[in-house]
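Residue strings, one per chain:
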Amino acid sequence: MGTREIKSPESLPVTPASFDGIPDSSSHRKRLGAYFIESDNRRMAMGRGYTGGTTPVNVHGKPIADLSKTGGWIAAIFIFGNEMAERMAYFGLSVNMVAFMFYVMHKPFSSSSNAVNNFLGISQASSVLGGFLADAYLGRYWTIAIFTTIYLGGLTGITLCATMHIFVPNQEECDQISLLLGKCEPAKSWQMVYLYTVLYITGFGAAGIRPCVSSFGADQFDETSKDYKTHLDRFFNFFYLSVTIGAIVAFTLVVYIQMKHGWGSAFGSLAIAMGISNMLFFVGTPLYRHRLPGGSPLTRVAEVLVAAFRKRNASFSSSEYIGLYEVPGKRSAIKGSKKIAHTDDFRCLDKAALQLKEDGAYPSPWRLCTVTQVEEVKILIKLIPIPACTIMLSVILTEFLTLSVQQAYTLNTHIGRLKLPVTCMPVFPGLSIFLILSLYYSIFVPMSRRITGHPHGASQLQRVGIGLAVSIISVAWAGVFERYRRNYAVEHGFKVSFLTPMPNLSAFWLLIQYCLIGIAEVFCIVGLLEFLYEESPDAMKSIGSAYAALAGGLGCFVASILNTIIKSTTENAEKMQPSWLSQNVNTGRFDYLYWLLTVLSMINFCVFLYYARKYEYRSQQRIETTTTIMENKQNTPINGS
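Since this is a predicted model, take the numbers as computed values, not measurements.

Analysis parameters
- Residues numbered from 1 in each chain as written.
- Predicted model: local features only at pLDDT ≥ 70, side-chain atom pairs only at ≥ 80, totals over all residues.
- Heavy atoms only, no water.
- Helix = DSSP H or I, 4+ residues; strand = E, 2+ residues; numbered from the N terminus.
- Buried < 20%, exposed > 50% of the residue type's maximum accessible area, 1.4 Å probe, protein only.
- Contact = heavy atoms within 4.5 Å.
- Areas by Shrake-Rupley, 256 points an atom, 1.4 Å probe, with all protein chains shown as cover.
- Salt bridge = Lys/Arg side-chain N within 4 Å of Asp/Glu carboxyl O.
- 1 Å grid on protein atoms, 1.4 Å probe; cavity = no way out; pocket = protein on both sides within 12 Å on 5 of 7 lines; lining within 4 Å.
- Points joined across faces, edges and corners; volume = space filled by probe spheres on them.
- Nonpolar A, V, L, I, M, F, W, Y, C, P; charged D, E, K, R; others polar.
- Expected span 1.5 Å × (residues − 1).
- Bend = angle between axes of the 7 residues up to and from the residue.
- Axes fitted to C-alpha atoms, helices over the stretch in contact; angles between N-to-C directions.
- Parallel < 35°, antiparallel > 145°, perpendicular 65-115°, else oblique.
- Left-handed = near helix turned anticlockwise from the far one by under 90°.
- Polar contact = N/O pair within 3.5 Å; in protein donor to acceptor, adjacent residues only side chain to side chain.
- Patch = residues over 30% accessible without salt bridge, like charges linked within 9 Å, V, L, I, M, F, W, Y side chains within 5 Å.
- Phe/Tyr/Trp six-rings, centres within 6.5 Å; stacked < 30°, edge-to-face > 60°.
- Lys NZ or Arg CZ within 6 Å of the ring centre and 35° of its normal.
- pLDDT = per-residue confidence, 0-100.

Chemist: Just give me the short version of the overall build of the protein chain, but keep the residues and values in it.
Modeler: For the protein chain, the count of helices and strands is 18 helices and 6 strands. Burial statistics for the protein chain: of 641 residues in total, 56% are counted as buried. Taking contacts inside the protein chain between residues at least 6 apart in sequence as the whole, the part at least 24 apart equals 83%. For the protein chain, the accessible area works out to roughly 28000 Å², and carbon and sulfur atoms hold 63% of it.

In structure tokens:
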């Protein structure tokens, strides 16, 4: 890689002195930032042009001759289909697997829900691995192609488990009373090992799909177009709409298939849907625009940290100081990335780009990094608090998916003469999401635009904040209703019969919390995905998108850990006191858990507000830097005058 030293910025205007005689550091930093933006505008030797680091290529890595024949909404439709099938399988397993483990594998509700929570957590938290492989080596297309095949293999294994009698315990003489008393034959150890293995293989397959699909879809739009922001905003809304459609199908059609044709047919339908979506994804290959992988992002992060540590004692005022290091020209040294302007955040990391005379003409990347490489690490660090604050939303969603099913078993699910299966209840958040996304541009955007003045109704962080606020209302209502439901069960003699529906108490009271959490998802998750895609470095888009999935996975793990702690601390066998999360929901205290989540969510919301107010969008930083450049040019003396 051809590089040259960046000249020392001594030729810039003299920095104004502060009151104590020390040069004003903030002014000095701004001039450093301005200098390296200007150095970014140089052309290559012999006046040749250059291809930007983010120029789209075809599947073979060659530049696309005619961009009008690729990308856009047509290519995005094939990507939507893949995500729809993945979400259909994900939600189909999440809502049916708890019941499958209880009724077929004869595992208690508590251990079944924890096992499913762990599956959900692994499938999301391991998305960092998928994002790393996509950004570093494979690219988003091939990462999706490989992991979607793994996903299909896992679903096939689950279908075999539900179809072949050898993989399940004996079902004879196992009625509802035997299930309640735990008298049914338990699953053998090897049977559970097989089920967990294929379940986690499925989760591992999702790890490569989830961080790449949204980013790969967004890659199909031309960022130089004047309508790019509008297309991107609509893409992420339609992307989440495809997620919602997949969830609705899982909560309705798949549940219907399970009731009419059994567990094998239900899980088999998920495998068939995934197989069809895989074929459609490959059919769309000639239409896709690709981004070149930029090499190992973790290696680049490690190089910055090591170089900054090695030069921790070096000084910007040293006589050995040359400048902050960057390669010349428009191109970045990182494949698939444009240059990033220098910022004043995390100044300790700037030591990694601190070029000294002793570094020589060809420095080791473990001793000297480019400004762009350092800024990549800064961006990744600055992004962390925002998705971290969405972990609580994921905790609430996870608890609703598992615990509300137990609540629904005690309630009347009839609509007139039609009786809805309990496992269909989670479809209502999906329906509310579908309705909100359908009306989003016709109702919410015009109304909110009048208040905020924002062209899209609300900024990305504002949408995340709205979602977190609505999730607090949702879980608070869940606590209120659960207290009423439990008291009703005790007063009307249903304390012991926790699988017997109470005819005069409708399950549709649960719709309030379901619909509220659906609204929270729309604003929070869609805003977060768009925020992470736009703010992430060019060569780390998949890693940035993986932040959202990682937060979701951590939420599942937090839910499992929280459930385990509550069960162990609130249960007292000597006093015959059941835990809050007793298998008998009528003797447990789910309402206490929901109120605990309400308090934690309020604290989390305050933390989010703090970091959201501090965060500065990269587009704003570019505007400020450009303003600084113009000011410096106006103030620079000409010919020494």
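Chemist: So what's going on with the pattern of salt bridges? Which residues, and what values?
Modeler: Within this structure, the stated rule accounts for 13 salt bridges. Notably, a salt bridge pairs Arg300 with Glu376, separated by 2.9 Å at the nearest N-O pair. Of this pair, Arg300 sits in helix H9 (residues 297-310) while Glu376 sits in helix H10 (residues 371-383), and the two are 76 residues apart along the sequence. In this pair, the class of Arg300 matches that of Glu376, namely buried. The partner of Glu375 in a salt bridge is Lys378, and the shortest N-O contact between them spans 3.0 Å. Here Glu375 pairs with Lys378, and both are found in helix H10, just 3 residues apart, close to one helical turn. The same class applies to Glu375 as to Lys378, namely buried. Shared partners join several salt bridges into a network, and the residues in it are Arg347, Asp350, Glu375 and Lys378.

Chemist: I'd like to hear about the side chain of Glu482, residue by residue, with values.
Modeler: Among the secondary structure elements, Glu482 is positioned in helix H14 (residues 460-491). A relative accessible area of 0% means that Glu482 is categorised as buried. Discounting residues that sit within four places of it in the chain, Glu482 has contacts with Gln407, Val585, Phe590, Asp591 and Tyr594.

Chemist: Before we move on, can you summarise empty space enclosed by the protein with the specific residues and values?
Modeler: All chains considered together, the criterion is met by 3 cavities of 30 Å³ or more. Secondary-structure elements contributing two or more residues to the lining of the largest cavity are helix H2 (72-103), helix H3 (109-125), helix H6 (189-218), helix H7 (228-261), helix H12 (391-408), helix H13 (427-452), helix H15 (510-535) and helix H16 (541-570). Per-element tally for the lining of the largest cavity: the top contributor is H12, with 7 residues. Each residue belonging to the lining of the largest cavity can be placed in one class, and the counts come to 24 nonpolar, 10 polar and 4 charged.

Chemist: So what about H6? Which residues, and what values?
Modeler: Each α-helix turn comprises 3.6 residues. Residues three or four places apart therefore point the same way. Spanning 30 residues, H6 covers 45 Å between terminal C-alpha atoms, matching the ideal 44 Å at 1.5 Å per step. Largest kink in H6: about 35°, centred on Cys212. The buried fraction of H6 is high, at 21 of 30 residues.

Chemist: Now, about the packing of H12 against H15: what can you tell me, with residues and values included?
Modeler: Close contact between H12 and H15 brings their axes to 11 Å; oriented N to C, the two are set at 160°. Overall, the two elements H12 and H15 adopt an arrangement that is roughly antiparallel. Where H12 crosses over H15, the handedness of that crossing is left-handed. Between H12 and H15, the residues in contact are Leu393, Ile396, Leu397, Phe400, Ser404, Gln407 and Ala408 and Leu510, Gln513, Tyr514, Ile517, Ala520, Glu521, Cys524 and Ile525, respectively.

Chemist: Could you give me a rundown of the environment of Thr587, with the residues and numbers involved?
Modeler: With respect to the helices and strands, the residue Thr587 is situated in the loop between H16 and helix H17 (590-614). When the C-alpha positions of Thr587 and Val490 are compared, they lie 8.4 Å apart, and in sequence the two are 97 residues distant. Leave out the neighbours within four places in its chain, and Thr587 touches Arg486, Lys495, Pro578 and Ser582. Polar side-chain contacts of Thr587 include one of 3.4 Å to the side chain of Ser582.

Chemist: I'd love a proper account of a nonpolar patch on the surface, names of residues and values included.
Modeler: On the surface, Leu596, Val599, Leu600, Ile603, Val607, Tyr610 and Tyr611 cluster together to form a nonpolar patch covering roughly 580 Å² of accessible area. Mapping Leu596 onto the fold places it in helix H17. Overall, the relative accessible area of 30% leaves Leu596 in the partly exposed class.

Chemist: Requested: an account of H2, with residues and values cited.
Modeler: Its 32 residues place the ends of H2 46 Å apart at the C-alpha level, agreeing with the 46 Å of an ideal helix rising 1.5 Å per residue. The sharpest bend along H2 comes to roughly 40°, located at Asn96. With respect to burial, H2 is a largely interior element, 24 of its 32 residues being buried.

Chemist: Could you give an account of the environment of Gln462, with specific residues and numbers?
Modeler: Tracing the backbone through its elements, the reader meets Gln462 in helix H14. Judged by relative accessible area, Gln462 falls into the partly exposed class, the value being 39%. C-alpha of Gln462 to C-alpha of Gly527: the two residues are 65 residues apart in sequence and 8.1 Å apart in space.

Chemist: Please provide a residue-by-residue account of the packing of aromatic side chains, values included.
Modeler: Taken as a whole and assessed by the stated rule, the structure comprises 35 aromatic pairs. Between Tyr615 and Tyr617, the aromatic rings sit 5.9 Å apart at their centres with planes inclined by 85°, giving edge-to-face as the arrangement. Ring-pair connections join several aromatic residues into one group, and the members of that group are Trp73, Phe80, Phe221, Phe235, Phe236, Phe238, Phe239 and Tyr533. Positioned above the aromatic ring of Tyr90 is the side chain of Arg87, whose terminal nitrogen or guanidinium carbon lies 4.2 Å from the ring centre.

Chemist: If you had to explain the confidence of the model for the protein chain to someone new, which residues and values would you point to?
Modeler: The share of residues in the protein chain with pLDDT of 70 or more is 85%, and the mean pLDDT across the chain is 78. Taken element by element, the predicted model of the protein chain shows its lowest mean pLDDT in helix H1 (residues 25-39) (38) and its highest in H17 (94). Below a pLDDT of 50 lies the segment residues 1-53, which in the model reaches 87 contacts outside its immediate sequence neighbourhood of four places, other chains included. Scored below 50 in pLDDT, residues 623-630 makes 8 contacts in the model with residues more than four places away or belonging to other chains.

Chemist: If you had to explain the packing of H7 against H15 to someone new, which residues and values would you point to?
Modeler: Between two packed helices, both the angle of their axes relative to each other and the distance between the axes serve to describe the pair. Put simply, H7 and H15 touch, their axes get as near as 10 Å, and they point 135° apart. The orientation of H7 relative to H15 falls into the category oblique. Crossing of H7 over H15 shows right-handed handedness. Residues Tyr228, Lys229, Leu232, Asp233, Phe236, Asn237, Phe239 and Tyr240 of H7 form the contact with H15, whose own contacting residues are Glu521, Ile525, Val526, Leu529, Glu530, Tyr533 and Glu534.

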